[in-house]
Amino acid sequence: MAQNEFGYYHEISLTISSPDVEPVSDYIIENICGSLLLEDEDEDSRTTIRFYVADQVDVDSRVAGLSRYLAEINSNYESINLRRKRIKDLDWIEAYKKSVVPVLIGNSIVVKPPWDTETYSGRLEVLIEPKMAFGTGCHETTRGSLAMLEKVDLSSKTVLDLGCGSGVLSIYAAKRGAANVVGYDIDPLAIENSTENFAINEVEAKCRAYLGSLDDVPGDLRFDIIVVNIIKAVIVPIIGDLNERLNLGGVIILSGLLDQDREDIETALKAAGLNSFEIRHDNKWVTYRIDKK
Ligand code: SAH
């Protein structure tokens, strides 16, 4: 989602039955935009998917493509209502700011907005300026990744944060003593937001965010810790490559995964020779810690 000249975005949302969320999310990520928000509707097993597209992007044809895809996977969706709203960037941010609350994670972490002056005794603070990039600490997958990282020795380690979003995981790793952290994300807005958050947290000497995916990480770089909080469709095909990028004794943390993804993930882990892992559950989400022995 690139920043556009006029600062306008389209907010697009749709409510579908929960089992269809995964294929529809994959379609949106592959064809329209790299980050989306999922909200479970309390009263039934339906989920609302929401995402934001910059104004200059060819929104009409992409939305039409999504409608066709929905009709293909489920005939009930032939007349589905894709809700669309044109919003000014700043309105969205101001409304969102009011709803941001500090999030306490594990025993020793708080993720909070920069304007929160409250202190949280014994907790390491990660300050996140809420923008459109994903990663304010509220989502189960960010929480899961941080809770796993909390138990990893990060001191003097080299870290890759693939799909860095707001930079939240990179910042935490740097504050815990990592020597060097590189973030990659395919969304230019995430790079902008991560870079801003690195400065707010005064970790810019250790952290850099780059536009791109795993293929764009220079081939000679190896890491002690790799965190990937994206989705199954992105993670499964790259597990072998992640393993090659990981030093012996290193740790991979995978999140953005649902309970139903476990079989595919574990098949891919075994194929890569990664047999030592533990799992953390949070609602229907799972986070893996994999140790390379
Ligand atoms: N690390 C943050 C953000 C996770 S959201 C956190 O834990 O909260 C997932 C991010 O991955 C999004 O910002 C999205 O743009 C990015 N992404 C999606 N596919 C990607 C890919 N193939 N390579 C790199 N980043 C990707």
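Since we're looking at a predicted model, the values are computed, not measured. (Residues numbered from 1 in each chain as written. Predicted model: local features only at pLDDT ≥ 70, side-chain atom pairs only at ≥ 80, totals over all residues. Heavy atoms only, no water.)

Novice: What is the right way to read the sheet that holds strand E1 (residues 8-17) from this model?
Specialist: Backbone hydrogen bonds hold the strands of a sheet together, and the pairing may be parallel or antiparallel. Strands sit in the order E2-E3-E1-E4 across an open sheet of four strands; the sheet is antiparallel. If you trace the sheet from one side to the other, it starts and ends with strand E2 (37-40) and strand E4 (83-88), each paired once. The sheet shows a mean angle of 25° between the axes of neighbouring strands, taken without regard to direction. Of the strand pairs in this sheet, E1 and E4 are connected by six bridges, and their pairing is antiparallel. The residue of E4 that forms the bridge with Ile12 is Arg84. Strands in contact with helix H1 (residues 21-31) are E1, E2 and strand E3 (46-54); relative to E3, the strand with the most contacts, it is inclined by about 5°. (Pairing = 2+ DSSP bridges. Helix = DSSP H or I, 4+ residues; strand = E, 2+ residues; numbered from the N terminus. Axes fitted to C-alpha atoms, helices over the stretch in contact; angles between N-to-C directions. Contact = heavy atoms within 4.5 Å.)

Novice: I would appreciate a short explanation of the packing of aromatic side chains in the present structure.
Specialist: Scanning all chains against the criterion turns up three aromatic pairs. Ring centres 4.4 Å apart and planes at 15° place the aromatic pair Tyr27 and Tyr69 in the stacked group. Remark: Tyr69 occurs in helix H2 (residues 59-73) and Tyr27 occurs in helix H1; sequence separation between them is 42 residues. For the pair Tyr27 and Tyr69, one class covers both residues: buried. For Arg86, the ring lying beneath its charged end belongs to Tyr8, and the centroid distance is 4.0 Å. (Phe/Tyr/Trp six-rings, centres within 6.5 Å; stacked < 30°, edge-to-face > 60°. Buried < 20%, exposed > 50% of the residue type's maximum accessible area, 1.4 Å probe, protein only. Lys NZ or Arg CZ within 6 Å of the ring centre and 35° of its normal.)

Novice: Teacher, can you tell me more about a negative patch on the surface here?
Specialist: A contiguous patch of negative charge on the surface is contributed by Asp215, Asp216, Asp241 and Glu244. By secondary structure assignment, the location of Glu244 is in helix H8 (residues 239-244). Accessibility expressed as a relative area gives 57% for Glu244, which makes it exposed. (Patch = residues over 30% accessible without salt bridge, like charges linked within 9 Å, V, L, I, M, F, W, Y side chains within 5 Å. Areas by Shrake-Rupley, 256 points an atom, 1.4 Å probe, with all protein chains shown as cover. Salt bridge = Lys/Arg side-chain N within 4 Å of Asp/Glu carboxyl O. Lys, Arg positive; Asp, Glu negative; His and termini not counted. Charge placed at Lys NZ, Arg CZ, Asp CG, Glu CD.)

Novice: Help me out: how do you make sense of the confidence of the model for the chain in this one?
Specialist: Any region with low pLDDT has predicted coordinates that should not be read closely. Overall, the predicted model of the chain reaches an average pLDDT of 89, with 92% of residues at or above 70. Below pLDDT 50 for its whole length, residues 1-5 participates in 22 contacts with residues either more than four positions away or in separate chains. (pLDDT = per-residue confidence, 0-100.)

Novice: What is the right way to look at the side chain of Ser255 in this model?
Specialist: Among the secondary structure elements, Ser255 is positioned in strand E12 (residues 246-258). Once you skip the residues sitting within four places of it in the chain, Ser255 turns out to touch Thr141, Ser145, Val228, Asn229, Ile230, Ile235, Val286 and Thr287.

Novice: I tried to follow the environment of Leu221 on my own but got confused; where do I start?
Specialist: By the element assignment, Leu221 lies in the loop between strand E10 (207-211) and strand E11 (223-229). Judged by its relative accessible area of 31%, Leu221 falls in the partly exposed class. Between the C-alpha atoms of Leu221 and Trp115, which are 106 residues apart in sequence, the distance is 36 Å.

Novice: I would appreciate a short explanation of the sheet that holds strand E5 (residues 103-105) in the present structure.
Specialist: Taken together, the three strands give an open sheet; going across it, the order is E5-E6-E7, and neighbouring strands pair in mixed fashion. Where the open sheet ends on each side, the last strands, each with one partner, are E5 and strand E7 (124-127). Strand after strand, the sheet turns through a mean of 25° between neighbouring axes, direction not considered. Against the sheet, helix H4 (residues 140-150) engages E5 and strand E6 (109-112), with an angle of about 40° to E5. Running at roughly 145° to E7, helix H5 (residues 168-175) makes contact with E6 and E7 of the sheet.

Novice: Help me understand the pairing of strand E9 (residues 180-185) in this model?
Specialist: The two faces of a sheet get side chains in turn, since along a regular strand they alternate between them. Where burial is concerned, most of E9 is hidden: five out of the six residues are buried. Sheet analysis places strand E8 (residues 158-162) next to E9, joined by five bridges and oriented parallel. Its bridge partner lying in E9, Val159 is registered against Val181. Since E8 and E9 lie parallel, the crossover through H5 that links them has a hand, and here it is right-handed. The sheet contact formed by E9 and E10 spans five bridges and is parallel. Bridging from a neighbouring strand, Gly183 pairs with Ala209 of E10. Read from E9 through helix H6 (residues 188-200) to E10, the crossover connection turns out right-handed. (Right-handed = clockwise from strand over helix to strand, strands pointing away.)

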